[in-house]
Amino acid sequence: MAMRSTNSTVTFKHPFFLSGYTDELPAGDYDVVVQEELLEGLSFAAYRRTATYLTVRGKGQRAGRVELRSTSERDLETALGLDRRFPNRNSETALSPSEDLK
């Protein structure tokens, strides 16, 4: 069975929780590893996702360690969606008093 892995990066602007884990993860860039298997017997190349992992780098006493946290595409998208709903605390619109004077 032929397998392939693809890597991408996602950015969280706020601390977040990943479904199935109890610890809060800090805001930042995270690598996502997706493993897929080749579907055989087709007249074209097609792959099925078999696993999704979020790469979590250790901090403090765990510095230098890297953990691959198993997740699902749906749970990752949910966490990213929640992150997008938070107001950007550093945006000018959130800090600008001029809008309040109108």
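Residues numbered from 1 in each chain as written. Predicted model: local features only at pLDDT ≥ 70, side-chain atom pairs only at ≥ 80, totals over all residues. Heavy atoms only, no water.

Trainee: What should I look at first to understand the overall build of the protein in this one?
Mentor: Looking only at helices and strands, one finds 2 helices and 4 strands in the protein. The burial tally for the protein puts 25% of its 102 residues in the buried class. Sequence separation of 24 or more characterises 41% of the internal contacts of the protein that already satisfy a separation of 6 or more. Split by element, the accessible area of the protein, about 7,700 Å² in all, is 49% carbon and sulfur. (Helix = DSSP H or I, 4+ residues; strand = E, 2+ residues; numbered from the N terminus. Buried < 20%, exposed > 50% of the residue type's maximum accessible area, 1.4 Å probe, protein only. Contact = heavy atoms within 4.5 Å. Areas by Shrake-Rupley, 256 points an atom, 1.4 Å probe, with all protein chains shown as cover.)

Trainee: What is the right way to look at helix H1 (residues 73-85) in this model?
Mentor: One full turn of an α-helix is made of 3.6 residues, so residues set three or four places apart face in the same direction. Relative to the 18 Å expected for 13 residues at 1.5 Å per residue, H1 spans 19 Å between its end C-alpha atoms, a close match to the ideal helical length. If you check which residues of H1 are buried, you get Leu76, Ala79, Leu80, Gly81 and Asp83. Contact partners of the buried residues in H1: strand E1 (3-12), strand E2 (28-38), strand E3 (47-57) and strand E4 (66-71). (Expected span 1.5 Å × (residues − 1).)

Trainee: Would you explain the pattern of salt bridges in this entry?
Mentor: Here the structure, examined in full by the defined rule, presents 6 salt bridges. Among the ionic pairs, Glu37 bridges to Arg48, the shortest N-O distance being 2.2 Å. Of this pair, Glu37 sits in strand E2 while Arg48 sits in strand E3, and the two are 11 residues apart along the sequence. Take Arg48: its relative accessible area is 45%, and that puts it in the partly exposed class. The salt bridge partner of Arg49 is Glu73, with a shortest N-O separation of 3.5 Å. (Salt bridge = Lys/Arg side-chain N within 4 Å of Asp/Glu carboxyl O.)

Trainee: Which parts of the structure should I look at to understand the nonpolar core?
Mentor: Nonpolar side chains in soluble globular proteins tend to be buried together. Within the largest apolar cluster, 13 residues are counted, with the highest numbers of intra-cluster contacts made by Val10, Phe12, Phe16, Tyr30 and Leu54. Those elements that provide at least two residues to this core are E1, E2, E3 and H1. (Core = buried A, V, L, I, M, F, W, Y, C linked by side-chain atoms within 4.5 Å.)

Trainee: I'm lost on the sheet that holds E1 in this one. Help?
Mentor: Hydrogen bonds along the backbone pair up the strands of a sheet, which may run parallel or antiparallel. Sheet architecture is open: 4 strands sit in the order E1-E2-E3-E4, paired in antiparallel fashion. The open sheet is flanked by E1 and E4, the only strands paired with a single partner. The sheet shows a mean angle of 30 degrees between the axes of neighbouring strands, direction not considered. Relative to E3, E2 is paired through 7 bridges, and the arrangement is antiparallel. (Pairing = 2+ DSSP bridges. Axes fitted to C-alpha atoms, helices over the stretch in contact; angles between N-to-C directions.)

Trainee: Mind showing me how you'd approach the packing of aromatic side chains here?
Mentor: For any pair of aromatic rings, geometry is given as the distance between the ring centres together with the angle between the planes. Counted by the stated rule, this structure contains 3 aromatic pairs. A ring pair is formed by Phe12 and Phe16, whose centres lie 3.6 Å apart and whose planes are at 10 degrees; its orientation type is stacked. Just as Phe12 is buried, Phe16 falls in that class too. A centroid spacing of 5.3 Å and a plane angle of 90 degrees characterise the contact between Phe16 and Tyr30, whose relative ring orientation is edge-to-face. Of this pair, Phe16 sits in the loop between E1 and E2 while Tyr30 sits in strand E2, and the two are 14 residues apart along the sequence. Here Phe16 matches Tyr30 in class, with each residue buried. (Phe/Tyr/Trp six-rings, centres within 6.5 Å; stacked < 30°, edge-to-face > 60°.)

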